[in-house]
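Close look at the chain arrangement
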Amino acid sequence: MRWSWSSGPREAASRHRARMAGMATELLYLRDAYLREFEAVVTAIDGDRVALDRTVFYPTGGGQPHDTGTLSGQPVTSVRKEGDVVWHTVDGQVPEVGGTVTGAVDWDRRHALMRTHTALHVLCGVIWNEWSTAVTGGNMEPLTARMDFEFDPLPEGFGPRIEELVNAELAADRPIEVAFLPRSTAVADEDLIRTKVNMIPESVTEIRVVDIVGLDKQADGGTHVRSTGEVGRIRVLKTESKGKGNKRIRIEVVDA
Ligand SMILES: [Zn+2]
């Protein structure tokens, strides 16, 4: 049954646009961080920003910077997630709502960020195992990163020691597994409790867990490599004090 006789094609098209504008973007990178190209439908336009029904572009968040790349050949310069919608800033011609686009991420940048993100989780695991000290913050760029920990003071010889311990875990080539757990299962997991999984809002019913098997398990929305061997090696660039109970470590990721 037609639900309205009075609506012409133009009204139907505008209703279609209005419905698509609020549509959540499916985050393809959560299940497969190795996807580089994809097809998607444009759900909304806001100036030079394009919303899609699905994407492999990682939006800035969780300490990991956004991907760059192209949408139907036009450069993507920024990617932001607002609510459930991922917005891609395009430098060039903006596609039309309802149209299909092909996207491709800059793989060199993305893979460098995956190696760096995994290196930081290895660092967290090693520091927890060795000193039972929790991370308080961090940030990364492709192949460089900093992390802050609750040390006071820093242990003697910390820089060289951490480099040795992290590189041993990278050389051990531990597999990395991504799972989606019901909230009740995740909050009961002892390995996840130390990473404050219970701080995740109650409204989140499924929690994505990144498990560096045998070393570090975290609720995490970032992109990671398949095994620690793929990271390469790290070098500690600097350790510094950022005040009482807050010490910073800077690392770079290099080829093995
Ligand atoms: Zn992470």
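Across 3 bridges, strand S5 (residues 69-71) lies against strand S6 (residues 74-82) in antiparallel orientation. Its bridge partner being in S6, Leu71 is matched across the sheet by Gln74. From the end of S5 to the start of S6, which pair antiparallel, there are 2 residues, and Ser72 there has a positive phi angle of about 45°. Bridge count for S6 against strand S7 (residues 85-90) is 6 bridges, and the pairing is antiparallel. Directly across from Val76, in S7, lies its bridge partner Val90. Turn length for the S6-S7 hairpin, with the two strands adjacent in sequence and antiparallel, is 2 residues, and the turn residue Gly83 shows positive phi of about 65°.

Another aspect to go through is the sheet that holds strand S8 (residues 100-105). As summarised here, the arrangement of the 6 strands in space is S2-S3-S7-S6-S5-S8, forming a closed barrel in which the pairing is antiparallel. Strand after strand, the sheet turns through a mean of 45° between neighbouring axes, direction not considered. Here 3 bridges tie strand S3 (residues 49-52) to S7, and the two strands are oriented antiparallel to one another. When the sheet's bridge partners are listed, Arg49 is paired in S7 with Thr89.

Time to look at the nonpolar core. With 52 residues, the main nonpolar core has Leu71, Leu123, Ile162 and Ile249 as its most contacted residues. Counting residues per element, this core draws most heavily on helix H2 (residues 107-131), which supplies 10 residues. Residues in contact with Ile249, not counting those within four places in the same chain, are Leu123, Ala145, Arg146, Met147, Phe149, Phe158, Ile162, Val236, Lys238 and Thr239. Among the nonpolar cores identified, the runner-up in size contains 5 residues, and Ala186, Leu192, Ile207 and Val209 belong to it.

The next point concerns the pattern of salt bridges. Opposite charge on two side chains allows them to pair when their charged atoms are near. Inspection of the entire model under this criterion finds 15 salt bridges. Residues Arg146 and Asp148 are paired through a salt bridge, measuring 3.8 Å at the closest nitrogen-oxygen approach. Note on Arg146: relative accessible area 22%, which makes it partly exposed. For Arg235, the salt bridge goes to Glu252, with nearest N and O atoms at 3.0 Å. In this pair, Arg235 sits in strand S14 (residues 233-241) while Glu252 sits in strand S15 (residues 247-254), placing the two residues 17 residues apart along the sequence. Its relative accessible area of 43% is what places Arg235 among the partly exposed residues. Note on Glu252: relative accessible area 21%, which makes it partly exposed. If you follow the salt bridges from partner to partner, you end up with Asp46, Arg49 and Glu82 in one network.

Turning to the side chain of Thr228, a few remarks are in order. Of note, Thr228 is situated in the loop between strand S13 (216-219) and S14. Judged by its relative accessible area of 0%, Thr228 falls in the buried class. A polar side-chain atom of Thr228 sits 2.9 Å from the main-chain carbonyl oxygen of Glu169. Among residues more than four places away in sequence, those in contact with Thr228 are Val122, Glu169, Leu170, Ala172, Asp173, Arg174, Ile176 and Ile212.

What follows deals with the sheet that holds strand S12 (residues 206-212). Taken in spatial order, the 3 strands make up an open sheet running S11-S12-S13, and their pairing is antiparallel. With partners counted over all chains shown, the strands left at the sheet margins are strand S11 (176-182) and S13, one partner each. Across the sheet, the axes of successive neighbouring strands diverge by a mean angle of 25°, strand direction being ignored. In this sheet, S12 lies alongside S11 in antiparallel orientation, the contact comprising 7 bridges. Residue pairing in the sheet places Glu177 in a bridge with Asp211 of S12.

Mapping Glu169 onto the fold places it in helix H3 (residues 158-171). In contact with Glu169, other than residues within four places in its own chain, are Val122, Val126, Arg174, Leu215 and Thr228.

Applying the stated criterion across every chain yields a total of 7 aromatic pairs. Between the aromatic rings of Tyr34 and Trp107, the centroid separation amounts to 5.9 Å while the plane-to-plane angle is 45°, which identifies the pairing as tilted. Within this pair, whereas Tyr34 is found in the loop between strand S1 (26-27) and strand S2 (37-46), its partner Trp107 is found in helix H2, the two being separated by 73 residues in sequence. Taking the relative accessible area as the measure of exposure, Trp107 reaches 13% and is therefore buried. Ring centres of Phe151 and Phe158 lie 5.0 Å apart, and the angle between their planes is 65°; on these two criteria the pair is classed as edge-to-face. According to the relative accessible area criterion, Phe151 is buried, its value standing at 5%. Residue placement shows Arg226 over the ring face of Tyr34; its charged tip is 3.6 Å from the ring centre.

Criteria and thresholds
- Residues numbered from 1 in each chain as written.
- Predicted model: local features only at pLDDT ≥ 70, side-chain atom pairs only at ≥ 80, totals over all residues.
- Heavy atoms only, no water.
- Pairing = 2+ DSSP bridges.
- Helix = DSSP H or I, 4+ residues; strand = E, 2+ residues; numbered from the N terminus.
- Axes fitted to C-alpha atoms, helices over the stretch in contact; angles between N-to-C directions.
- Core = buried A, V, L, I, M, F, W, Y, C linked by side-chain atoms within 4.5 Å.
- Buried < 20%, exposed > 50% of the residue type's maximum accessible area, 1.4 Å probe, protein only.
- Contact = heavy atoms within 4.5 Å.
- Salt bridge = Lys/Arg side-chain N within 4 Å of Asp/Glu carboxyl O.
- Polar contact = N/O pair within 3.5 Å; in protein donor to acceptor, adjacent residues only side chain to side chain.
- Phe/Tyr/Trp six-rings, centres within 6.5 Å; stacked < 30°, edge-to-face > 60°.
- Lys NZ or Arg CZ within 6 Å of the ring centre and 35° of its normal.

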